[in-house]
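Below are the chains, spelled out letter by letter.
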Amino acid sequence: MNMSGKKIFAKLIFVLYIIAVAALCFMHLDNIPSVSTDIFGIPTDKAVHFLMFFPFPLLALAAFGRLTKKPWHSLVFVLIVFFVGCILAMATEIGQGFTTYRTADPDDFRADGIALAISSVIALIIDLRKQFGK
């Protein structure tokens, strides 16, 4: 697959990921089987939120990170991606508050933000290593 094909594929995966996040955040989940209420003492829904938003910076880097030629470009890119991810996470929580079957939970947003922060640092490290050839 040539570079153009890889860019298109990465962008397609990113769009499909955003659609999946929206679907998971707004689906009516009353009919799914019950799962454990916690995983290693962490509420299951917080772990799901963490896992749901963790890929966002990494997929954004794969889809749009080709413009980062200098370390400061990488830092600005990752900061923008982090803030866009936080806006998306906040929007999903606010949107859930308007439904009759879901609730807006600040702790869900906190789990989203922690995932975005950790993944953004990883994306920054990956991009910087790419620039320095290591």
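Located above this text is the structure these notes cover.
Analysis parameters
- Residues numbered from 1 in each chain as written.
- Predicted model: local features only at pLDDT ≥ 70, side-chain atom pairs only at ≥ 80, totals over all residues.
- Heavy atoms only, no water.
- Helix = DSSP H or I, 4+ residues; strand = E, 2+ residues; numbered from the N terminus.
- Buried < 20%, exposed > 50% of the residue type's maximum accessible area, 1.4 Å probe, protein only.
- Contact = heavy atoms within 4.5 Å.
- Core = buried A, V, L, I, M, F, W, Y, C linked by side-chain atoms within 4.5 Å.
- Patch = residues over 30% accessible without salt bridge, like charges linked within 9 Å, V, L, I, M, F, W, Y side chains within 5 Å.
- Areas by Shrake-Rupley, 256 points an atom, 1.4 Å probe, with all protein chains shown as cover.
- Salt bridge = Lys/Arg side-chain N within 4 Å of Asp/Glu carboxyl O.
- Expected span 1.5 Å × (residues − 1).
- Polar contact = N/O pair within 3.5 Å; in protein donor to acceptor, adjacent residues only side chain to side chain.
- Axes fitted to C-alpha atoms, helices over the stretch in contact; angles between N-to-C directions.
- Parallel < 35°, antiparallel > 145°, perpendicular 65-115°, else oblique.
- Left-handed = near helix turned anticlockwise from the far one by under 90°.
- Nonpolar A, V, L, I, M, F, W, Y, C, P; charged D, E, K, R; others polar.

### Overview of the overall build of the protein
Now for step 1: The secondary structure content of the protein amounts to five helices and two strands.
Now for step 2: Reading the protein from its N terminus to its C terminus gives the helix and strand order α-β-β-α-α-α-α.
Now for step 3: The burial tally for the protein puts 32% of its 134 residues in the buried class.
Now for step 4: Of the contacts formed within the protein by residues at least 6 apart in sequence, a portion of 78% connects residues at least 24 apart.

### Section: the nonpolar core
Now for step 1: Counting residues in hydrophobic clusters, the biggest one holds 21 residues, and the most contacted among them are V21, F53, F56 and L116.
Now for step 2: Only α1 (3-26), α2 (44-53), α3 (55-64), α4 (71-97) and α5 (106-132) provide two or more residues apiece to this core.
Now for step 3: Considering each element in turn, this core owes the most residues, six residues, to α4.
Now for step 4: Excluding residues within four positions of it along the chain, V21 makes contact with M52 and F53.

### Considering a nonpolar patch on the surface
Now for step 1: On the surface, F9, L12, I13, V15, L16 and I19 cluster together into a nonpolar patch covering about 540 Å² of accessible area.
Now for step 2: By the secondary structure assignment, I19 is in helix α1.

### Considering the side chain of D108
Now for step 1: Checked against the element boundaries, D108 lands in helix α5.
Now for step 2: Under the relative-accessibility criterion, D108 is labelled buried at 5%.
Now for step 3: Beyond its immediate stretch of four places on either side in the chain, D108 contacts D45, K46, H49 and E93.

### Topic: α5
Now for step 1: Over its 27 residues, α5 extends 39 Å from the first C-alpha to the last, a length consistent with the 39 Å expected when each residue adds 1.5 Å.
Now for step 2: Along α5, the residues classified as buried are D108, A111, D112, G113, A115, L116, S119, S120, A123, L124 and D127.
Now for step 3: In this structure, the buried side of α5 is in contact with α2, α3 and α4.
Now for step 4: For α5, the capping residue at the N-terminal end is D105, with a side-chain oxygen 2.9 Å from the backbone nitrogen of D107.

### Some remarks on the packing of α3 against α4
Relative placement of two packed helices is described by the angle separating their axes and the distance separating the axes.
Now for step 1: At their nearest, the axes of α3 and α4 sit 10 Å apart, and the two run at 125° to each other. Taken as axis vectors, α3 and α4 run oblique relative to one another. At the point where α3 passes α4, the crossing takes the right-handed sense. Contacts between α3 and α4 pair F56, P57, A60, L61 and F64 from the former with F77, V81, V84, G85 and L88 from the latter.
Now for step 2: Residue composition of the contact of α3 with α4, grouped by class: nine nonpolar, one polar and no charged.

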